[in-house]
Amino acid sequence: MNKTILLTATVSGFLAVALGAFGAHGLKNIAPAELISIFKLGVEYQFYHTFALLALGICSQWINTKQIVWSAWCFIIGMVFFSGSLYLYALTGVKWVGPITPIGGTFLLIGWLLFAYSVSRLQTSQTK
């Protein structure tokens, strides 16, 4: 197992829970419903990719490829850009962060493709 990827996933999970609680309770009195919804979307995608990082960390026990590490980096960068830009927009209302969100989404997609490629390279004897 890849300890660094697993540790990163645990930190991301902690932050997702904390940010989710803040979004559900702290933003209620200071932000309109539309911005709270955007913030919650950031939390949702951070959770999805936290679980993806957990899967990568566990799968690295059987898949020892550079693609696993690259996939993890893409998920991390994607979460920072995608979820981070949604958090920033929801908290500040500044619209210049809008173009950053699809960059993060692209990194998330690349991360999934690299993960799929890594799995596809597994030898049949390794999966039994």
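This is a predicted model, so every value here is computed, not measured.

Draft legend 1. Molecular detail of the overall build of the protein chain. Along the protein chain, the regular secondary structure elements total 4 helices and 0 strands. Secondary structure elements of the protein chain, listed N to C terminal, follow the sequence α-α-α-α. With respect to the principal axes defined by its C-alpha atoms, the protein chain has extents near 55 × 25 × 20 Å. Looking at the protein chain as a whole, 38% of its 128 residues are labelled buried. Taking all contacts inside the protein chain whose residues are at least 6 apart in sequence as the whole, residues at least 24 apart take part in 75%. Carbon and sulfur atoms make up 71% of the accessible area of the protein chain, which amounts to about 7700 Å² in all.

Draft legend 2. View of the packing of aromatic side chains. Per the stated rule, a full pass over the model turns up 8 aromatic pairs. When the centroid spacing of 4.8 Å and the interplanar angle of 45° are considered together, the rings of phenylalanine 39 and tyrosine 87 count as tilted. Taken as a pair, phenylalanine 39 in helix H2 (residues 33–59) and tyrosine 87 in helix H3 (residues 66–92) lie far apart in primary sequence, 48 residues in all. Using a relative accessible area of 1% as the deciding quantity, one classes phenylalanine 39 as buried.

Draft legend 3. Quick look at helix H1 (residues 3–26). In a regular helix each residue adds 1.5 Å, so 24 residues correspond to 34 Å; H1 covers 33 Å between its end C-alpha atoms and thus fits that length. Looking at H1, one finds that the buried residues are Ile5, Leu6, Ala9, Ser12, Gly13, Ala16 and Gly23. Of the surrounding elements, those touching the buried residues of H1 are H2 and H3.

Draft legend 4. Structural detail: the nonpolar core. In this structure, Leu53 and Leu56 are the most contacted members of the largest nonpolar core, which totals 25 residues. Going through the elements one at a time, H1, H2, H3 and helix H4 (100–120) are the ones with two or more residues in this core. If you tally residues by element for this core, the top one is H3, at 9 residues. Apart from residues lying up to four places away in sequence, leucine 56 is in contact with Ile5, Ile68, Ser71, Ala72, Phe75 and Phe115.

Draft legend 5. Looking closely at the environment of alanine 24. Structurally, alanine 24 can be placed in helix H1. A C-alpha to C-alpha distance of 37 Å links alanine 24 and glutamine 61, two positions 37 residues apart in sequence.

Draft legend 6. Broad picture of the packing of H2 against H3. Interaxial distance between H2 and H3 falls to 8 Å at its minimum, and their mutual angle equals 165°. Classified by the angle their axes make, H2 and H3 are roughly antiparallel. Crossing angle aside, the handedness with which H2 passes H3 is left-handed. Residue composition of the contact of H2 with H3, by class: 20 nonpolar, 6 polar and no charged.

Rules used in this analysis
- Residues numbered from 1 in each chain as written.
- Predicted model: local features only at pLDDT ≥ 70, side-chain atom pairs only at ≥ 80, totals over all residues.
- Heavy atoms only, no water.
- Helix = DSSP H or I, 4+ residues; strand = E, 2+ residues; numbered from the N terminus.
- Buried < 20%, exposed > 50% of the residue type's maximum accessible area, 1.4 Å probe, protein only.
- Contact = heavy atoms within 4.5 Å.
- Areas by Shrake-Rupley, 256 points an atom, 1.4 Å probe, with all protein chains shown as cover.
- Phe/Tyr/Trp six-rings, centres within 6.5 Å; stacked < 30°, edge-to-face > 60°.
- Expected span 1.5 Å × (residues − 1).
- Core = buried A, V, L, I, M, F, W, Y, C linked by side-chain atoms within 4.5 Å.
- Axes fitted to C-alpha atoms, helices over the stretch in contact; angles between N-to-C directions.
- Parallel < 35°, antiparallel > 145°, perpendicular 65-115°, else oblique.
- Left-handed = near helix turned anticlockwise from the far one by under 90°.
- Nonpolar A, V, L, I, M, F, W, Y, C, P; charged D, E, K, R; others polar.

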